[in-house]
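# Close look at the chain arrangement
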Amino acid sequence: MAKLYFNYSTMNAGKTTMLLQASYNYQERGMRTVLLIAAFDERTGKGIIGSRIGLVVVLNEVRGDNFEIFEQSGERARAESLGAKSISIRHLPDTTMQKLDARSTSFWAAAHGADKAATGIGLMERQRIKVWLGRAYEEIGKVGV
C-alpha cells in the first residue's frame, strides 16, 4: 500500500534533510520511493532535491588506505550525486599512531606539547604530526567546514 507524507515547518527546520534520510532508509530496506519537487524550484538544479546540510565523504587513511569495498558499493557515487564533496585524510605512520593511542594523546596535544614524558612523542615525530595535521586542516578547509 502506497503512502503519501506531507511535512511542513518553518525555514531551517530540517525538512529536506529529514526527507532525504527517510527516502534513504526506505531504499535500504528495498522499498521504492518517489520524491516530488515543484517545477519552478531549481535552486539545486532542475528536478533535484538538495539540502544545505553539506555532505562530505571523508576517506580516512589514518588506519588504512583500501577503500575498495566502499568504492564498489556505489555509496560514494550516490553521495556525490547528492552534492557531496570528497576529502582524503592521509596516513600517519603506524608507530606514531600506536604511541598516540597508548597514551590517549590527541593530535593537537602531540603536535604542540613539548613534554615527551607526557606524550611519548619525540621532536621528529612531533614535526611529522604538525605537517600531517596541517595537511588534514587543508583538506577540511576545501569543503568549507
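Structure: see above.
Residues numbered from 1 in each chain as written. Predicted model: local features only at pLDDT ≥ 70, side-chain atom pairs only at ≥ 80, totals over all residues. Heavy atoms only, no water.

## Examining the pattern of salt bridges
In plain terms, the rule: The term salt bridge refers to a side-chain nitrogen of Lys or Arg lying within 4 Å of a carboxyl oxygen of Asp or Glu. For the purposes of this entry, the term helix denotes a DSSP run of H or I that reaches at least four residues, the term strand denotes a run of E that reaches at least two, and both are numbered from the N terminus.
Taken as a whole and assessed by the stated rule, the structure comprises six salt bridges. A salt bridge links Glu 71 to Arg 76, with the shortest nitrogen-to-oxygen separation between them at 2.7 Å. A salt bridge links Glu 80 to Arg 76; its shortest N-O distance comes to 3.1 Å. Of this pair, Glu 80 and Arg 76 both sit in helix H3 (residues 75-81), separated by four residues, roughly a single helical turn. Bridged by salt links that share partners, the residues Glu 71, Arg 76 and Glu 80 form one connected network.

## Observations concerning a nonpolar patch on the surface
Just so we agree on the cut-off: For patch building, the residue pool is restricted to those with more than 30% relative accessible area and no salt bridge; the joining distance is 9 Å between like charges and 5 Å between nonpolar side chains (Val, Leu, Ile, Met, Phe, Trp, Tyr). The accessible surface values rely on the Shrake-Rupley method and a 1.4 Å probe; as for residues, cover is taken only from the protein chains in view.
The grouping of Trp 108, Tyr 137 and Ile 140 at the surface amounts to a nonpolar patch, some 350 Å² of accessible area in total. Turning to its location among the elements, Tyr 137 is positioned in helix H7 (residues 123-142).

## Describing the packing of aromatic side chains
To keep things clear, this is the line we draw: Stacked, edge-to-face and tilted are the three classes for Phe, Tyr and Trp ring pairs, Trp counted by its six-membered ring, which pair at centre distances within 6.5 Å; planes under 30 degrees apart are stacked, over 60 edge-to-face, the rest tilted.
A full pass over the atoms with the stated rule returns one aromatic pair. Considering the side-chain rings of Phe 107 and Trp 132, the 4.5 Å spacing of their centres and the 45° angle between planes classify their relative orientation as tilted. Separated by 25 residues along the polypeptide, Phe 107 in helix H5 (residues 107-112) and Trp 132 in helix H7 bring together distant segments of the chain.

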